[in-house]
Every structure is written in C-alpha cells, then in structure tokens.
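# A closer look at the structure
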Amino acid sequence: MSDAHHSSAGEPAAATRAPGLELDMIREFGPFRAYASDVRIDSGVTPDKRVKTHCCFCGQQCGLELKVKDNTIIGIEPWYDFPFNRGMLCPKGVKRYLQQAHPDRLLHAYEKDASRASGFRKLGYEDAVRRVAEAIARIQREHGRDAFAVLSGASLTTEKAYLMGKFAHLCLGTANIDYNGRLCMVSAGAGNKKAFGVDRAANPWSDILGAEVVLVAGANVAECAPITTNYIWQAREHGAKIIVVDPRITPLARTCDLFLPVKPGRDTALFSGILQLMIENDWIDRAFIEAHTVGFDAVAAQVREWTPERTANVTGVAEKTIRQAAEWWGAAKTSFLLHARGIEHHSHGVQNVLSTINIVLASGRIGRPNCGYATITGQANGQGGREHGQKCDQLPGGRDLANPEHRAYVAEIWGMNADELPQPGVDAYEIMRKAERGEIRGLLSICFNPVVSLPDNNFVRAALEKLDFFVAIDFFMSETARYADVVLPGSLQEEDEGTVTQVEGRIVRIQKAVECPGEAREDWRIIQDIAKALGRERGFTFQNPGQIFDELRVASKGGVCDYSGVTYARIEQNFGVFWPCPSETPPGVPETSPQGTLRLFEPGSWNPVAKGTGPFYFPDGRARFNPTPYVGPAEDVDENYPIILTTGRVVSQFLSGNQTRRIGPLVDHYPEPRVEIHPQLALRLGISDGDWTLVESRRGNCTLRASVVKTIRPDTIFIPYHWGGRKSANQLTISAQDPISKIPEFKVCAVRVVKAPGQPEYAALLQPQQ
C-alpha cells in the first residue's frame, strides 16, 4: 500500500510457538505499524467525499467525519454537530483511519498449510466458502447440530448481530452461540434486568451535567471512555462533587473530590457499608421506596452488619472516607452513578452491580432530569449487540429464548415452527470447555479474538487445537485466526453500513465510506454465502443491511428492546434515536418523541411489561431491591501467591489489540505491556522501574518490564490485557465465572512476583523488524 509506511511490531501468537516460526507468521500477516504518509500527509489533496459516521472502537460511538480519496481514508475531521462528543475524540478516534488500506489487511481467504512458513496458503473465496459449508454439514451430520458452535462479537453492527443469531438458530439449528460481550457487559445487563427489568442506561449523558454528586465505580473513564470524562468535568465545573472507587489512582481519580481505593473484589462490601450509613442517617427517600420499589426491608436487614469499621477492614478504605461518601451521596438532591468493568469482571459481578443499584434506589434519584444511573458500555455495539439474539439465551427485542411466547413470535417471523428453535445454549467460555472435551467439534468465530481475550488462555489454545474444524472471519490475521483451518476476509466498520446502539441507548448510523478490498466481503454477505452453500438459504437472501434492519424492527416489536418505530431516516434526522421506540402506542399513551425515549423510568411512562402500572419493567411497575451478601474473590491471596493481579485497558489500545496494535502512533504511545507495581512492593521485591519482572499465577506466567508507580495499592499489581502470546495478561487470569452472568473474573487473581534473571527469549520479537 503506497500510503501506509510501516514497520513490524512483532508478537508471538502462542505461548508455545518458537520465535523463528513466529517471525515467519509476522512477515506474512503482521502486526505491522501503519503511519500516515504520501496522500495522507499531503495537505493539498482534496477528498472525493466526506462521510459522517462513528468511531469503530468503544461504546461511546463518537461522531466523526472520514475523508476519502480513491477508496482510501486519508484522514478525519471533527463532526461538531453530533451532540454526544461535539467534535471531541480520543487518540484512538483520531488515528483509527490508519487501520484502513493497511498492509496487514486480509485481501484473500486462507487455509491452513503446514508446509508453508507462515502456516497458511491463499484460497479462492468461493472455494473457501464451499469448504466451510462442507465441514459444517459433515460435523452436524456425524455429531448432531449442537456439535457446531458460533462465537460472535459486540463490535458488529446491530444488523449483523441479529443475523448471527438467526444464522445459528435457523440455518445451523445449533443452541451453541454466544458473543464476546460475555466478557464485557453481561454482569451489568443481568443486574439491570433483576433490578429494573430492562438493560439500558437510564439517562442520556446530558443529565450528568446537573448532578450534585457523580459517583464513578470501577471505571477508568479518562482512558477507556475519554469523552465521558468531559461530561464529569463539566459537572464538576457546575459544582458537583466527584467520587471515584478504584484500586488504582486513575487519571479521573487524580482530579476527584473523594477517592476510595477499594481492594479488588470487595465492592459489594463497600456499597453495603454505604447503604447502611444512608439508612442509619435517614439519607434515603422513603416515599419513593414505598411507592416504586419492593424488597427494601430484606436489603436493609442484610446490610445492617456492614458497620463502617467492618466495611473498612474488608475493603481497605478508611472509615472516614466511607462515611464521607455515604453522606455526599445520601444528602444530594441530584446525582449520577456510573460503573464499568472494574466492578463487573468478577465471579460475583452481578452482586456488585446490584449493590450499586441499591444505593441509587434508596436515594430515589432515578427517572428524572439530572438523576441517573448507567453502566459504561465497552465495545462499539456493546449495547445493540446484546439485544437482538446473539447471546446464548436470547431472541431479538431482548426476548428470552426459553420463553414459549417469545419463541412463537420470533419463529413466525423466521418462517419456522417454534419447536424447531434450539433451547438456550452455553456461554462463550463453556463453549471452549465443550470443545476441549470433544462435545463441540466445529466452530465459526467472527469479531472475537478469544486467544487474547479469554482468561486462562493457555487452556483456550488447547481447546481450539482439539476442534475438527475452525473457521474465522476477520479483516486481520488475529491471534485466534492463526488457529483456524479456514480464514475468510471480512469487513472493517467503514466498509459496510448499518446501525449500532451507543452507551446512552442511542441508535446511530454507521455509513459506508469505502469498498472492501481484494476478495474481502461484508460480513453479512459471507454469512449468507455460507447459508447458500449449505443449501439452507431460506431467510438469508437480504440484499443490503437496510433489509436486515427492517426485519429486525418487526422481530423486536413488542419486546423490551423495541426498535419497531426506528428507521434509518429517523436516525439521521435526529442524530440518533433512543430505544424503546415502538411503531405504535396504546390508546391514551403519548407517542415517543422524534428522538425516542431519552430517559427511562419517568413518572407516568409506559412500557410493554408494566403496561401503565408503573415506570419499571415488571408487571407491578416497581423496581427491585436485591440482597447482595458479600462473597470474596474465587481466588484470594495466600502464602504462595501473596499479591493481587488486576487487569484493564490503556488509552491508546483497545480490547485484544487486533486493530490498535497495527496503528503506529497508538503503538508508539504504549509499545508493550508493563507491570504496574507500587514502590513499597517493588522495594520489598528488589525491583526497579524498567526491570524485567516475572509474574506467575497457578495457570501461567509472563515476563514484562516493571513500571513502578504510586497510583496503585501496595498489595496489587496491574497489567493491561491488549497483547497476545507470551505478553498476554490472560495467561495468568482465572476462568472462574459469575454464576448468573457467566462473566469471568478478570479483575482478581493471586500471583507471585519476582525480578526476572534477564530478558525473556521472545524479547527480540518486541523490537521492530524492518
């Protein structure tokens, strides 16, 4: 590619792969660092067109304008009119255009070939699809329909997410489909459904600005959701007090009014202690509790034991700080609570979420302006991707796959008998366990990089190697695709169109800016081509994403996540539409505004579950308090593994890094993962800043350079999880899961740390190879 100057940022794909073999893979498929050059730095070039669309990374879905010349994105411009970010972008948004026309872009299908140095050889697209279909048919014929599984992703458009669920349930007839949102939003989703009956941010972000107190728990917003930081800082400029709960002094925590350095895995205890103080001091809204909730007395009894002294002992937060947090939150007239993976990535993540919701409900501050609650969505379509059928227990519209009424409705739309629909399947990690046991023999993966992103990933690699057949759909050769028998070249976000639903519940339009290069195809076309090759084309003859969206609208009608009143035109005219947005409302119920339902749970609001009895999505219209008995981490520290490991993100990288580790300026900002370690702990272990440091858990080990910082608890270390191979933090993490949401416990495991005797054998791969 003439406009993509690049150098290698070589990385091992597997812990067991020799450096020489790995270099062969890197030379063929990267990752290489792309930088702007040629037409991309020529200020005299006039773009052929400018396309207003959205960033491809996090769930904020900031608006931006792509500049296109000769089917190449040559740069970006701010989209000042889009109301969420008003032209502001984080470093990833500014440089995201460098992933297009990238030297690593997959232009052809590939099949595994052990005789080749890279391990793969090119295969014609039609031949590749035919081989995939033959493998699916053979496995299902010999081992049953559930022997073939699908892993999908929450960065796909909502149209594609809908199609993936339909493909698994109708075309393949398998129960085994799940998605990588299992690693992201499911604890929040389960908690929201248990408390409110619906899973969506309760408020638009504009409500943050008028809050007297903003409480942020387990969310490094300045690095993971930077534009949200601007909302919080604006609230502070208006006089708000900012409370941050986190084991690390994150950038937001450095500027907050009150910091609670909670010990990882103890969030439920902390919020139970805060609620007990609210009750004790009568900082609760008894009228709201009486009129709009159930279950308060049971929760009040459960938190009674959480005295300030006990809460401080368990959480590691000073008693006076806990008291101050309870008073500020309890006494406020308006407030907004935000949380993210820091409290959700736990084997009791749902309990953590419910404990935060309990203090929101006790305050009565929800369902009105400047009084809100939300979970910060991680992936680009983390909201829309969990609404319309690619979760293992779900059907479109947020319907339940096990519910006979829901099954009958969707089956009629799909032209099948309800009893032909599979029953709920298993979660993403259990799919890996079934693969390792030989119960699942084939797998199709799209928009998912489990070799990097799943915990205990040495086990994941072993499970993939046991499959009879594995096909990956991707635009780069990810660490996971390297285990595939066939790799099909899919589409970047800018190579297709559709919708996604961002962090506020606002449905926005993704606009196509460039064509797919080479033999690459839009993902939805690939899925339909596979269905056709299987001879199961019925229901998979869409001509464009708009047709898929029109069917999705019908399939969601009457469900909790009702998109039936949404059209592409309405989205574009209103800078997005907030769901629910039904196409029709009952007599006497006002129609939704042109922008849909901006704020949930407002007095007098109507929903299809309560049907006028109250604002919450239960038959009686009332929200639920939920007891949250404290349960510690699945693996706590002991004599052999005395240090807590927690993991997370850095500002210049995103999730498994399959995209961002190929964008030169982002890699330059944070080239390699490091171990963040407190000076006290470093001194005790004889480790200095920059030393090679060996971190070992019961599942694996990795050797990384130390970063000695004062911004982390002395009993905890932090490693970012964006890298694969021997640099992967998920070699260390534990596969323990929340019993309700099935989210893994990424945020706590026990490790031991020592100064390494020298640099690791793979250190040569860390340096650029020209």
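All residue numbers here refer to positions counted from 1 along the written sequence of the relevant chain. With pLDDT at 70 or above as the cut-off, local features in this predicted model cover only qualifying residues; side-chain atom pairs require 80 or more to be listed or tallied, and sums for whole chains, interfaces and linings still use all residues. Values shown for side chains rest on all heavy atoms present in the structure; no hydrogens or waters enter the calculation.

Attention now moves to the overall build of the chain. Helix and strand counts for the chain stand at 23 helices and 30 strands. Over its C-alpha atoms the chain spans a radius of gyration of 25 Å, differing by no more than 12% from the 27 Å that the globule rule assigns to 770 residues. In terms of principal-axis extent, the alpha carbons of the chain reach across some 70 × 70 × 60 Å. Partly exposed residues are those whose accessible area sits between 20% and 50% of the maximum for their type, while under 20% is buried and over 50% is exposed, using a 1.4 Å probe and protein chains only. Looking at the chain as a whole, 65% of its 770 residues qualify as buried. Contacts were defined at the residue level, with two residues in contact if any of their heavy atoms lie within 4.5 Å. Taking as baseline every contact in the chain between residues at least 6 positions apart, the subset at least 24 positions apart corresponds to 73%. Per element, the accessible surface of the chain, about 25400 Å² overall, is 48% carbon and sulfur. Placing the 86 positive and 90 negative side-chain charges of the chain at their respective mean positions leaves the two points 1 Å apart. Numbered from the N terminus, helices here are DSSP runs of H or I no shorter than four residues, and strands are runs of E no shorter than two. The atom set for the radius of gyration is the C-alpha atoms, and the globule formula is 2.2 Å times the number of residues raised to the power 0.38. For the accessible areas, the method is Shrake-Rupley and the probe is 1.4 Å, while residue cover comes only from the protein chains on display. Two residue types count as positive, namely Lys and Arg, and two as negative, namely Asp and Glu; His and chain ends fall outside the count. To locate a charge, the coordinates of NZ of Lys, CZ of Arg, CG of Asp or CD of Glu are taken.

Before going further, it helps to spend a moment on the domain arrangement of the chain. Size of an interface: often given as the accessible area lost when the parts come together. The domain architecture assigned to the chain consists of domain 1 (109-184 + 382-556), domain 2 (202-375) and domain 3 (643-765). A straight line from the C-alpha centre of domain 2 to that of domain 3 covers 28 Å. Each partner contributes residues to the interface: domain 2 has 25 residues there, and domain 3 has 24 residues. Where domain 2 abuts domain 3, roughly 1900 Å² becomes buried across the two surfaces, and 58% of that area is made up of carbon and sulfur atoms. A pair is scored as a salt bridge if a Lys or Arg side-chain nitrogen falls within 4 Å of a carboxyl oxygen belonging to Asp or Glu. For the pair domain 2 and domain 3, the number of links is one salt bridge. A salt bridge links Glu676 to Arg248; the shortest N-O distance between them is 3.0 Å. Secondary-structure elements contributing two or more residues to the side of domain 2 that touches domain 3 are α6 (221-224), α13 (341-344) and α14 (349-363). Source of the domain bounds: an automatic or database domain assignment. In short, buried area is how much 1.4 Å probe accessible area vanishes from two parts on joining, totalled over both.

Moving on to unusual backbone geometry. Here the amide bond leading from Gly30 into Pro31 is cis, since omega sits at 20°, within 30 degrees of zero. Tracing the backbone through its elements, the reader meets Pro31 in the loop between α1 (19-29) and β2 (32-36). Unlike most non-glycine residues, Asn71 shows phi in positive territory, near 60°. When you line up the elements, Asn71 lands in the loop between β4 (63-69) and β5 (72-78). Here Phe575, not a glycine, exhibits a phi torsion of approximately 55°, which is positive. Looking at the element boundaries, Phe575 is found in the loop between α21 (568-573) and β23 (577-578). Classification of Phe575 by relative accessible area gives partly exposed; the value is 31%.

The next thing to look at is the state of the cysteines. Joining two cysteines, a disulfide is a covalent bond between their sulfur atoms. By disulfide we mean two sulfur atoms from cysteines, separated by a distance within 2.5 Å. Considering all chains together, one arrives at zero disulfides under this definition. We note that Cys90 lacks a disulfide partner, and the nearest cysteine sulfur, in Cys55, lies 6.1 Å from it. What makes Cys90 buried here is its relative accessible area of 14%. The thiol of Cys561 is unpaired, and the distance to the nearest cysteine sulfur, on Cys581, comes to 13 Å.

The next point concerns the environment of Leu467. Turning to its location among the elements, Leu467 is positioned in the loop between α18 (457-465) and β19 (469-474). The spacing of Leu467 and Gly648 is 181 residues in sequence and 30 Å in space, taken between C-alpha atoms. Each residue touching Leu467, except ones within four places of it in the same chain, is listed here: Ala435, Ile440, Arg441, Gly442 and Leu443.

Axis lines are fitted to C-alpha atoms, over the contacting stretch for helices. Their N-to-C directions set the angle, which ranges from 0 to 180 degrees. Viewed as axis vectors pointing N to C, helix α11 (residues 308-315) and helix α12 (residues 319-331) meet at an angle of 115°, and their least axial separation amounts to 9 Å. Here α12 runs roughly perpendicular to α11, going by the angle between their axes. The crossing of α11 and α12 is right-handed. In contact with Pro308, Glu309, Thr311, Ala312 and Thr315 of α11, α12 contributes Glu319, Ile322 and Arg323. Partitioning the contact of α11 with α12 into residue classes produces three nonpolar, two polar and three charged. Relative orientations are named as follows: roughly parallel for angles under 35 degrees, roughly antiparallel for angles over 145 degrees, roughly perpendicular for angles from 65 to 115 degrees, and oblique for any other angle. Helix crossings fall into two classes, left-handed where the near helix is turned counterclockwise from the far one by less than a right angle and right-handed where it is turned clockwise. Under the convention adopted here, Pro, Cys and the residues Ala, Val, Leu, Ile, Met, Phe, Trp and Tyr are nonpolar, Asp, Glu, Lys and Arg are charged, and Gly plus all remaining residues are polar.

Our focus in this paragraph is the environment of Val451. The residue Val451 is located in helix α17 (residues 450-453) in this model. For Val451, a relative accessible area of 1% corresponds to the buried category. Residues Val451 and Glu479, 28 residues apart in the sequence, show an inter-C-alpha distance of 6.2 Å.

By the element assignment, Ile232 lies in helix α7 (residues 226-237). The sequence separation of Ile232 and Asn607 amounts to 375 residues, and the corresponding C-alpha distance is 30 Å. Apart from the residues lying within four places of it in its own chain, the contact partners of Ile232 are Ile208, Val214, Val216, Val221, Ile242, Leu252 and Leu338.

So, about the pattern of salt bridges. Throughout the structure, instances matching the rule amount to 52 salt bridges. Notably, a salt bridge pairs Arg33 with Asp668, separated by 3.0 Å at the nearest N-O pair. Highlighted residues: Arg33 in strand β2 and Asp668 in helix α22 (residues 664-669), separated in sequence by 635 residues. Exposure remark for Arg33: the relative accessible area of 8% places this residue in the buried category. Members of the salt-bridge network, linked through shared partners, are Glu111, Asp113, Arg116, Arg121 and Arg131.

Given a helix with a known number of residues, its expected span is that number minus one, times 1.5 Å. Between its terminal C-alpha atoms helix α3 (residues 125-143) stretches 27 Å, which fits the 27 Å expected from 19 residues at 1.5 Å a residue. Tyr125, Ala128, Val129, Val132, Ala133, Ala135, Ile136, Ile139 and Gln140 are the residues of α3 that are buried. All buried residues of α3 project into a common sector of 160° when viewed along the axis, lining one side. Pointing more than 90 degrees away from the buried face of α3 are the exposed residues Glu134 and Arg141. Trailing α3 by a residue or two, Gly144 shows a phi angle of about 100°, which is positive. Note that the arc is defined by the directions from the helix axis to the C-beta atoms.

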